[in-house]
Amino acid sequence: MWTWFHQLGSPKWFYELTGRWLPWLVAAMSLLLLVGIVWALLFVPPDYQQGNTIRIMYIHVPFASISLAFFPLMAIAGTVTLVWKIKLADMIAKTAAPLGAWFTALALASGSIWGSDIWGTWWIWDGRLTSMLLQLFLLIGVISLRSALEDTDAAAKACAVLSIVGCINVFVIKYSVDWWNTLHQPASPITTSGEGPNGPEIWVPLVIMIFAIYLFFAVALILSTRNEILQRERRAQWVQDLVRTA
Amino acid sequence: MSHATQASESTDSVTPPPNTELLLAARNLFCERDDRVLFKNLDFAVRPGQVLQVRGSNGSGKTTLLRIVCGLNDSYEGELSWCGEPVADVADDFYANLLFLGHRVGVSKALTPLENLRWTCTLNSAVDDAELLAALATVGLRGFEESQCFTLSAGQQQRVALARLLLSPARLWVLDEPFTTLDVRGVTQLEAMLHNHAAQGGSVLVTTHHPLNVPDLEVLDLG
Amino acid sequence: MSHATQASESTDSVTPPPNTELLLAARNLFCERDDRVLFKNLDFAVRPGQVLQVRGSNGSGKTTLLRIVCGLNDSYEGELSWCGEPVADVADDFYANLLFLGHRVGVSKALTPLENLRWTCTLNSAVDDAELLAALATVGLRGFEESQCFTLSAGQQQRVALARLLLSPARLWVLDEPFTTLDVRGVTQLEAMLHNHAAQGGSVLVTTHHPLNVPDLEVLDLG
Amino acid sequence: MFEIQFASLGEFFSMGNYAFNVWSVYALFALFFVINIYFPLVRRKQILKEQKRRLLLNAEAEESRTGSS
Amino acid sequence: MVERIDSRPRSSTTTTAFVATLKRELILAYKRKHDVVNPFMFFLIVATLFPIGISPEPERLSLIAAGALWIAALLASLLAMDNLYRADYEDGSLEQMLLSPQPLYFMVLAKNIGHWLVSGLPVVLVSPLIAYMLSLPEGSYMTLFLTLLMGTPVLSLLGSIGVALTVGLGSRGLILAVITLPMSVPVLIAGTMAVTETQNGASLAGYLAIMGALLLGTLTLAPLASAAALRISVS
Amino acid sequence: MVERIDSRPRSSTTTTAFVATLKRELILAYKRKHDVVNPFMFFLIVATLFPIGISPEPERLSLIAAGALWIAALLASLLAMDNLYRADYEDGSLEQMLLSPQPLYFMVLAKNIGHWLVSGLPVVLVSPLIAYMLSLPEGSYMTLFLTLLMGTPVLSLLGSIGVALTVGLGSRGLILAVITLPMSVPVLIAGTMAVTETQNGASLAGYLAIMGALLLGTLTLAPLASAAALRISVS
Ligand code: HEM
Ligand SMILES: Nc1ncnc2c1ncn2[C@@H]1O[C@H](COP(=O)(O)OP(=O)(O)OP(=O)(O)O)[C@@H](O)[C@H]1O
Ligand SMILES: Nc1ncnc2c1ncn2[C@@H]1O[C@H](COP(=O)(O)OP(=O)(O)OP(=O)(O)O)[C@@H](O)[C@H]1O
Ligand SMILES: [Mg+2]
Ligand SMILES: [Mg+2]
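Remember, it's a predicted structure, so these values are computed and weren't measured experimentally.

1. Let's talk about the interface of chain B and chain C
Next up, step 1: Listed per partner, the contact involves 25 residues of chain B and 23 residues of chain C.
Next up, step 2: Summing both sides of the interface, chain B and chain C together bury roughly 1,800 Å²; the carbon and sulfur share of this comes to 56%.
Next up, step 3: Counting every contact that joins chain B to chain C gives zero salt bridges.
Next up, step 4: For the interface between chain B and chain C, the tally reads 11 residue pairs in polar contact (both at pLDDT 80 or more).
Next up, step 5: Elements with a minimum of two residues in the side of chain B that touches chain C: α5 (154-167) and α6 (184-199) of chain B.
Next up, step 6: Broken down by element, the residue count for the side of chain B that touches chain C peaks at four residues, all from α5(B).

Okay, here's the thing in structure tokens:
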């Protein structure tokens, strides 16, 4: 039974499968992105309070919500690495960390540009922002640990442990930071901004963008993971064949 | 330097006589570091009463092999068994019967030889101070029992670690270059200790670059 | 083990023949650590063309003596002279002509053998990369020039340090147990290097516990 | 629902005086896109090239070894 | 004489191994007295940086006192961690610990406890003095003391995971901080909020319950993670 | 073949040794990229501890911003120091440096400069961002940036003496902190005063002159002290 599981986790299998999927994924992503962005930029009515800055939401919200998925993803991959020693899981975890840092950074940047008008400042120590910032630090910690440990195997396992511990921590941090912030401050504009008119002309493009960014996430992850596979499996026969024909 | 595919002299797959029941057996070991195959299809076995010297040029993978045997390195493929069972299944018994001394011998510089020995021994078996002192005296550290180890010379620090050999109930000793920095008398003494352990039914897996003067020595050559 | 008061064979205070002009001379050295006298009234001298082995049991003070000679330890009494002048007066010339390899050989784990060698050599003399690569190949590290040193085996790291012997213009080599962790071929090669250096008029001060196969070896026994 | 919210291209670019905010976010997104989609593709080409060279070198080394011995 | 000294092996138990490891930790601390004195001194010095760097006026100080104390304690605990496994790693003692038949969990726990006793406890004990120097409002002393008492072990236990992960690295100090500090934020929040909110009349018990939960959680889970991390670092 | 490779010794000069050492330092930093990233990250993280631990309100933050930034920079510089000589001590490279015929002063200076370039400079460069996040009053940015630019090398040079003194000890991090932090207090005072006083209308030039004097003084004297300390530590 585990042989099946291992086969499922074999880099070759993943490489071939994603090779078949990629064109479709890329096509779907491009289409949705195109539709979403055009819609968001051209057709969405300006918000009665925020005016055209509402268009930032279509970048910000997808990125902010997806960036919360990275630690759970890395923790699951880490568990698989530690328990079943499946290399593919670590390759995914390895590429997920920097990608997650980019997602988080973009969520922070777009949020802070959005907020610069509403709050009149680029940055406030609001609960959600702070916990997002701390998540970015934790992700950079994982990347830093990975780059510091030279041995691939040791790095894989160490990062797996750190991701699992970090995943628990992300929740504790989020909880505690919200708690910390709500006692100090009135509710942040993030939560109040949901009060405006909320018709489908607002949320349909948002849903499209969320799907588009999810696809984007999948494509980016798959592309880097495939590179990682090519590098780590460079001595496998199938990679050598592939290189020769490429 | 690489590609060593020798089987040791001790893997006779004909039915072994009852007294040579295998203590440790490795089958089909394969290890690769940085694209260089250190060994492949490596089989060897250690019987009670055997001293097995692992030999090979620098970088041939002796240290790596020893650490694999001890479970300190898991970047290998193949099977390791202890008394006939896979090591993973009998880990408790295996570690209770294993004594490993690596390049870094496990002697804290800030502690005295006595304190060092007391702790490392307690990890495996109960010992009392009289025994510890006797062991330290045997390895030539009388008078240094209470000096902090960083004041000792390289050879004396090595001797602190070797004192454990006199106290441990472990059946399998795995020693990585235990002779470095020992003076001539120390070398003779350690050779006697190895022989003695084998004579009492224990086994030794040892690496060294120097000819080893131990009766019935067997050699595993990594090339 | 302690109390070593021998004078070496090489201190002939009769008028020396002109070609044996002394490179390094120690007079009346005395060293005590933790109330234990390691050596006293110790005299010895090193001529050009001489290989002098310092011998003694563990803890007899060999490392201490070598570090004193190099100026890395100043808890001693007595005089050290270089080409007839007190070392302190000719420090520049002395250090320009000294090559010391201690227990810790000065190989950075994070750098590659090439980078390591490039830096250590530049501290003393100008060298170019072709020479460095040739030296590394000579000590058997071809193919490892660009691996980081922490991936190398113990013996290979030692060899990185030994490559300096091929590049240095220093006349006096002071080597503390350079043979540890070297394999048999490495030992032969290093012995040849020592002999070669002496033959070209250099001198070597070396400690080791193993019999040294070098022609015209002289021995300083610390007991 | 599908009516363009801007009367002119100029108005579109000025985004009701939020040009900087809106466009910089979309620019960041574009940058991000390049970094995470385009760079991996470039890197892939690079990897394949490197490995091809390595394979050739290895094959040559192998040949010279068998040839000389 | 090279006979084995004792031929009847009496195997050790987990308890003896735990006690021996704890004892060893304390002996080591006793030998290197600076290990005990330093976290303490560091705490003092960092705490004095606040009046120097920010403001010496008691009114302004009293506003930042709780935060400053907690930040200083956090940093002191972090810096002290560096010693926890490093020397053992370098001289090979850690390998011996891993090869012991006794469960690593308890030995890690023993080391953690020993380490907190010599590095965390002194900081907690001296904290009221520093609190006075930083003009912490009267009435917050007890809260500060109790939360530090329960919070610093959590910091140690979390830090232990970070050190265990990085023990094989050359330059640990900072990477350790980068890994550990974000994880310590919840403790910092709970600690400082306890102080400020009880000043505003909130009851202490709730905060202590949270601290207690954090402590129990890390006490059971963190040594597991540390043990796993040590195995990874050594191999 | 065991012949010496080259029989015509061309001796190296102080300049080549200086350049080689500086280069080596930079290569080492490049290999261990985290050495560059971490001081920087540490600075960021410690800076975020202040709003969390003390107060997230911009008005209160702006009062402590300058002090918090300086304290964070001080600690980041201090922690980064740990790597300066330790690895070289442990693998014996330091002995080789001492035994070189070239003056130790210049090699120490090269190491210090290399180290500041990879650990101090990034902190200085990112400081305006953090200053914004901590609501530093407008108009103080330039002062902060310039004083940090001149102050962090002083901190590095002073720290270097501390590391050199403690390099042979087991637990460096803390003992180093205890030695170095008190020495760094003048820099902290000058730096924070420059920021607060220029807010009150004082001229920047005077403070820069003080900083410049501190920098020049340490640049010439500190490597001397470090070199002497290294000699002591190694023997
Ligand atoms: C640096 C600044 C900001 C950061 C780091 C940030 C971060 C986040 C995060 C983490 C989410 C959660 C996504 C989810 O739970 O699915 C989110 C959602 C959201 N943010 Fe932001 N945000 C920032 C600024 C803003 C600003 C200024 C606004 C608008 C005024 C805003 C509006 C929203 C909205 C409407 C959502 C989705 C609704 C919801 O999930 O509650 N954000 N943001
Ligand atoms: N820092 C120190 N403080 C006190 N005593 C010391 C110190 N260093 C060395 N000693 C003492 O000096 C003696 C000689 O040490 P040294 O290292 O010179 O011996 P050695 O001859 O090199 O031995 P080995 O063959 O084991 O290398 C030791 O017994 C030790 O007790
Ligand atoms: N962490 C590592 N990463 C990559 N390669 C490694 C690592 N450790 C060891 N190696 C490689 O494995 C080879 C064997 O090393 P090992 O230490 O086992 O040799 P050894 O036989 O013990 O040599 P020596 O006689 O010098 O001690 C080395 O050549 C080295 O290149
Ligand atoms: Mg070895
Ligand atoms: Mg010695």
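Structure's up, so let's keep going.
2. What about the packing of aromatic side chains?
The description of an aromatic ring pair uses the distance of the two centres, along with the angle that the planes make with each other.
Next up, step 1: One pass over the full model with this rule turns up 25 aromatic pairs over all chains.
Next up, step 2: Consider the rings of A:F63 and A:F103, whose centres lie 4.8 Å apart with planes at 40°: the pair is tilted. Of this pair, A:F63 sits in helix α3 (residues 54-67) while A:F103 sits in helix α5 (residues 87-118), and the two are 40 residues apart along the sequence.
Next up, step 3: Residue classification places A:F63 among the buried residues on the basis of a relative accessible area of 0%.
Next up, step 4: Taking 6.2 Å as the distance between ring centres and 40° as the angle between the ring planes, the aromatic pair formed by A:F216 and D:F29 counts as tilted. Of this pair, A:F216 sits in helix α9 (residues 200-232) while D:F29 is found in helix α2 (residues 19-68), placing the two residues in two different chains.
Next up, step 5: A:F216 gets classed as buried once you look at its relative accessible area, which sits at 0%.
Next up, step 6: For D:F29, a relative accessible area of 6% puts it in the buried group.
Next up, step 7: An aromatic cluster is defined as three or more aromatic residues linked by ring pairs; in this entry it consists of A:F63, A:F70, A:F103, A:F216, A:F217, D:F29, D:F32 and D:F33.

3. Examining empty space enclosed by the protein
All names here are of chain F.
Next up, step 1: Across all of its chains, the model carries 16 cavities of 30 Å³ or more by this definition.
Next up, step 2: Approximately 160 Å³ is the volume found for the largest cavity.
Next up, step 3: Along the walls of the largest cavity sit 18 residues, with E25, R32, D35, N83 and H115 positioned nearest its centre.
Next up, step 4: Elements supplying a minimum of two residues to the lining of the largest cavity: α1 (14-31), α2 (34-53), α4 (86-91) and α6 (104-133).
Next up, step 5: Top element by residues in the lining of the largest cavity is α6. It accounts for four residues.

4. With respect to the environment of A:I66
Residues and elements named next belong to chain A.
Next up, step 1: Here I66 lies in helix α3.
Next up, step 2: Here I66 falls in the buried class, since its relative accessible area comes to 0%.
Next up, step 3: As a C-alpha pair, I66 and I208 span 142 residues in sequence and 14 Å in three-dimensional space.
Next up, step 4: Residue contacts for I66: discarding those within four places in its chain leaves F103, I210, I213, Y214 and F217.

5. Topic: helix α1 (residues 62-70) of chain B
Residues and elements named next belong to chain B.
Next up, step 1: Across the nine residues of α1, eight count as buried, placing the element largely inside the fold.
Next up, step 2: Within the span of α1, buried status applies to K62, T64, L65, L66, R67, I68, V69 and C70.
Next up, step 3: Just downstream of α1, G71 is the residue with a positive phi angle, here 80°.

6. Quick notes on the arrangement of the chains
Next up, step 1: At the C-alpha level, the nearest point of chain B lies 9 Å from chain F, with no contact between them.
Next up, step 2: Chain D makes no contact with chain F; the smallest distance between any of their C-alpha atoms is 18 Å.

7. Section: the coordination of the magnesium ion (ligand 5)
Residue and element names in this part refer to chain C.
Next up, step 1: The protein atoms that coordinate the magnesium ion (ligand 5) are T63 (OG1) and H103 (NE2), at distances spanning 1.9 to 2.7 Å. With a gap of 40 residues between them, T63 in helix α1 (residues 62-70) and H103 in the loop between β6 (98-101) and α3 (113-122) connect regions that are remote in the sequence.
Next up, step 2: Given the relative accessible area of 25%, T63 is considered partly exposed.
Next up, step 3: Judged by its relative accessible area of 39%, H103 falls in the partly exposed class.

8. Remarks on the domain arrangement of chain B
Residues and elements named next belong to chain B.
Next up, step 1: Along its sequence, chain B is organised into domain 1 (1-97 + 171-223) and domain 2 (107-169).
Next up, step 2: The distance between the C-alpha centroids of domain 1 and domain 2 comes to 25 Å.
Next up, step 3: Contacts between domain 1 and domain 2 engage 16 residues on the former and 11 residues on the latter.
Next up, step 4: Summed over both partners, the interface of domain 1 with domain 2 buries about 1,000 Å², with 56% contributed by carbon and sulfur atoms.

Basis of the calculations
Residues numbered from 1 in each chain as written. Chains lettered and ligands numbered in written order. Predicted model: local features only at pLDDT ≥ 70, side-chain atom pairs only at ≥ 80, totals over all residues. Heavy atoms only, no water. Contact = heavy atoms within 4.5 Å. Buried area = accessible area lost by both parts, 1.4 Å probe. Salt bridge = Lys/Arg side-chain N within 4 Å of Asp/Glu carboxyl O. Polar contact = N/O pair within 3.5 Å; in protein donor to acceptor, adjacent residues only side chain to side chain. Helix = DSSP H or I, 4+ residues; strand = E, 2+ residues; numbered from the N terminus. Phe/Tyr/Trp six-rings, centres within 6.5 Å; stacked < 30°, edge-to-face > 60°. Buried < 20%, exposed > 50% of the residue type's maximum accessible area, 1.4 Å probe, protein only. 1 Å grid on protein atoms, 1.4 Å probe; cavity = no way out; pocket = protein on both sides within 12 Å on 5 of 7 lines; lining within 4 Å. Points joined across faces, edges and corners; volume = space filled by probe spheres on them. Donors = N, O, S within 2.8 Å, 3.2 Å for Na, K, Ca; no water. Domains from an automatic or database assignment.

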